[in-house]
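# Structure assessment
Below are the chains, spelled out letter by letter.
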Amino acid sequence: MDNYLDQISCEAGLFQIRQANSNDFDLIRSLLIEAASWMGTLSFQQWKPEQFTVEEVQSYFNSRDIYILCSNQEAVGMCTIQDNDPGYWGHLNEPGYSYLHRLTLRTSYRGKNLSKEIIYWAARRSKEQNRKGLRLDTAAQNDKLNSLYQKLGFEPKGKGQKGDRHYVLYEMNSKLYDQL
């Protein structure tokens, strides 16, 4: 598997996962801007292209692990995992958990259940790192993602607000986490 950490085999095909490094900066930024631009075509825009400044994306390399999903050596998606998230979780932030962020797929790979596969891979990766569980958040107004996360075994753990953005905090059901 060359420099790949793992692979995912699913109905959509065979995908490899590798950890990003500083040489992937432009790729990471372009994936995020592409996803944010696509979100701009929806009724609810969770991300905005302009939020992914050089400084913002560079900070990811200092504060989280970035993983790239590949198909035939082409990057088709990404996610980040960090070991704490006081910015969103506040007093509920607890060391020992993994916090999943910035999950995105290129447009041609959406709608193929890959988000589920990446999320479950992130849970397995977290278990390998002896983490207590997997947590994430999403905008309270994003009905589609809130529904998806609950279908995938996440339970609401709280709510928060940053400026005018309201969000829901989720933690993967511990029984499911243990089974993955």
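Residues numbered from 1 in each chain as written. Predicted model: local features only at pLDDT ≥ 70, side-chain atom pairs only at ≥ 80, totals over all residues. Heavy atoms only, no water.

Naming follows an unreviewed UniProt entry, where the protein chain appears as Ribosomal protein S18 acetylase RimI-like enzyme of Fontibacillus solani.

## Here's the deal with the nonpolar core
The nonpolar side chains of soluble globular proteins are, as a tendency, buried together. With 30 residues, the main nonpolar core has F15, L69, L100, I119, L134, F154 and M172 as its most contacted residues. Not counting the four nearest positions on each side in its chain, F15 is found in contact with D6, Q7, I8, C10, L69, C70, S71, V76, Y109 and L114. (Core = buried A, V, L, I, M, F, W, Y, C linked by side-chain atoms within 4.5 Å. Buried < 20%, exposed > 50% of the residue type's maximum accessible area, 1.4 Å probe, protein only. Contact = heavy atoms within 4.5 Å.)

## Looking at the packing of helix α1 (residues 25-39) against helix α2 (residues 54-63)
In contact at an axis separation of 10 Å, α1 and α2 are set at 115° when each is read in the N-to-C sense. The handedness of the crossing between α1 and α2 is right-handed. Across the interface between the two elements, F25, I28, R29 and L32 of α1 pack against V54, V57, Q58, Y60 and F61 of α2. Broken down by class, the residue content of the contact of α1 with α2 amounts to seven nonpolar, one polar and one charged. (Axes fitted to C-alpha atoms, helices over the stretch in contact; angles between N-to-C directions. Helix = DSSP H or I, 4+ residues; strand = E, 2+ residues; numbered from the N terminus. Left-handed = near helix turned anticlockwise from the far one by under 90°. Nonpolar A, V, L, I, M, F, W, Y, C, P; charged D, E, K, R; others polar.)

## Overview of the pairing of strand β5 (residues 98-105)
One face of the sheet, then the other: side chains in a regular strand alternate in exactly this way. Extensive coverage of β5 is indicated by the burial of eight of its eight residues. Of the pairings in the sheet, the one linking strand β4 (residues 74-82) to β5 comprises five bridges and is antiparallel in character. Bridge pairing in β5 places I81 opposite L100. Sheet topology places β5 next to strand β6 (residues 134-139); two bridges connect them, and they run parallel. Bridging across to β6, S98 finds its partner in L134. In this view, the connection linking β5 to its parallel neighbour β6 by way of helix α4 (residues 114-128) has right-handed handedness. (Pairing = 2+ DSSP bridges. Right-handed = clockwise from strand over helix to strand, strands pointing away.)

## A look at the UniProt feature "domain: N-acetyltransferase" (unreviewed entry) in the protein chain
Look at the UniProt record and you will see "domain: N-acetyltransferase" (unreviewed entry) annotated at residues 15-177. Annotation note: span residues 15-177, helix share 35%, strand share 32%, distance between end C-alpha atoms 22 Å. (UniProt positions renumbered as here; feature names shortened; annotations may be inferred.)

## As for the pattern of salt bridges
Under the criterion given, the structure shown has seven salt bridges. A salt bridge links E128 to R125; the shortest N-O distance between them is 3.6 Å. With E128 and R125 both in helix α4 and three residues apart, this pair spans about one turn of that helix. When the shortest N-O distance is used, the salt bridge between R135 and E171 registers 3.0 Å. Here R135 is found in strand β6, whereas its partner E171 is found in strand β8 (residues 165-172), with 36 residues between them in sequence. Note on R135: relative accessible area 5%, which makes it buried. Judged by its relative accessible area of 12%, E171 is buried. Taken together, the shared-partner salt bridges in this structure form one network comprising E94, K132, R135 and E171. (Salt bridge = Lys/Arg side-chain N within 4 Å of Asp/Glu carboxyl O.)

## Topic: the sheet that holds β4
Ordered by their spatial adjacency, eight strands build an open sheet running β1-β2-β3-β4-β5-β6-β8-β7, and the pairing between neighbours is mixed. The open sheet terminates on both sides in strands that have one partner only, identified here as β1 (6-10) and β7 (154-162). Mean inter-strand twist for the sheet, computed between neighbouring axes without regard to direction, equals 30°. Along the sheet face, α4 touches β1, β2 (13-19), β3 (65-71), β4, β5, β6, β7 and β8 and points at about 150° away from the line of β5. Packing of helix α5 (residues 143-151) onto the sheet brings it into contact with β6, β7 and β8, and relative to β6 it is tilted by some 160°.

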